[in-house]
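Residue strings, one per chain:
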Amino acid sequence: DFAASRSRASRITVCPSYYSDDPLLDRVFGERPPRYLEKLAAGLDRRIGIFWTGEEVCSREITPGHLDAVASRIGRAPILWDNYPVNDGPTMSQRLHLRGFTGRNARIGASITAHAVNPALQPVLSLVPLLTLVASYRDADAYCYRRATDEALADIVGTELAALLRLDIKWLQDIGLDRLTAGEKAGLRARYQAIDHPAAREVVAWLEGFWAISGEAVRTQ
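Residues numbered from 1 in each chain as written. Predicted model: local features only at pLDDT ≥ 70, side-chain atom pairs only at ≥ 80, totals over all residues. Heavy atoms only, no water.

Student: Can you walk me through helix α3 (residues 64–74) in this structure?
Tutor: Within an α-helix, residues lying three or four positions from one another point in the same direction, as the helix has 3.6 residues per turn. Along α3, the residues that are buried comprise H66, L67, V70, A71 and I74. Looking down the long axis of α3, one finds its buried residues gathered within 140° of arc, a one-sided arrangement. Exposed positions of α3 whose direction lies more than 90 degrees from the buried face are G65 and S72. Looking at the buried residues of α3, the elements they touch are α2 (36–42) and β2 (49–52). (Buried < 20%, exposed > 50% of the residue type's maximum accessible area, 1.4 Å probe, protein only. Helix = DSSP H or I, 4+ residues; strand = E, 2+ residues; numbered from the N terminus. Arc of directions from axis to C-beta. Contact = heavy atoms within 4.5 Å.)

Written out as structure tokens, the structure reads:
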């Protein structure tokens, strides 16, 4: 409210300290005060938006039912802060999140004010899942995440590199850097070093640990 009364901004949004009902936040920040979210919302002008990440910090599914229940608690439709394809933690930085969005049906659009996305550390590769979110709203019930992923890969990196990333996605997203053997890392590095494309260079940098996030980095943010 202090900032809003002194700003010319047309839209102001606040992120609560407890931005999900996920008990993970209580373990990290300490137990939340009783009716924390309801009291915060009641003290804010209705024109101020409130971020919410869903039922979890990194929600596997986000439904209209959950979002409508949150809206009833805060007196406005929430602004969805979607924590995919983000990979900025010690565990998540070991993965490249390339697959298309799942668990977000286009029907949630009627239950939110806006849909914000937390991208991955790799700016070019982040565009692949982001395009699939656009497709999920456009195609609604006809959305197919694998088809959308393939189309987004081709749009962002071209057909040749798209085919390679599609082939290696199990290593890059499912197995992850910390579980790859030295030989597997060397083989992947050689493949992508041979390709002159910013997305390929992001894969190589990831393989070399450029984007690895330590627990110490998180604690000192």
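Student: Would you mind going over the pattern of salt bridges with me for this structure?
Tutor: Close approach of charged atoms allows side chains of opposite charge to pair. Applying the stated criterion across every chain, the model contains 15 salt bridges. Here D178 ties to R95 by a salt bridge, and the two come within 3.0 Å at their closest N and O atoms. Remark: R95 occurs in the loop between β3 (79–82) and β4 (114–117) and D178 occurs in the loop between α6 (159–175) and α7 (182–193); sequence separation between them is 83 residues. The residue R201 makes a salt bridge to D196 at a minimum N-O spacing of 2.7 Å. Look at R201 and you get partly exposed, because its relative accessible area is 45%. Residue D196 is classed as exposed on the basis of its relative accessible area of 71%. Three or more residues joined by partner-sharing salt bridges are found here, namely D21, D26, R32, E38 and R73. (Salt bridge = Lys/Arg side-chain N within 4 Å of Asp/Glu carboxyl O.)

Student: Please explain the nonpolar core as it appears in this structure.
Tutor: Nonpolar side chains in soluble globular proteins tend to be buried together. L161, L165, L172, Y192, V203 and W206 are the most contacted members of the largest nonpolar core, which has 27 residues in total. Counting residues per element, the ones that place at least two in this core are α4 (123–139), α5 (145–157), α6, α7 and α8 (198–207). Residues in contact with Y192, not counting those within four places in the same chain, are L161, L164, L165, D168, L172, A200, V203 and V204. The next biggest cluster of nonpolar side chains, apart from the first, holds 13 residues, and it includes Y18, Y19, L25 and I48. (Core = buried A, V, L, I, M, F, W, Y, C linked by side-chain atoms within 4.5 Å.)

So far we have only geometry, and geometry alone does not tell us how the molecule works.
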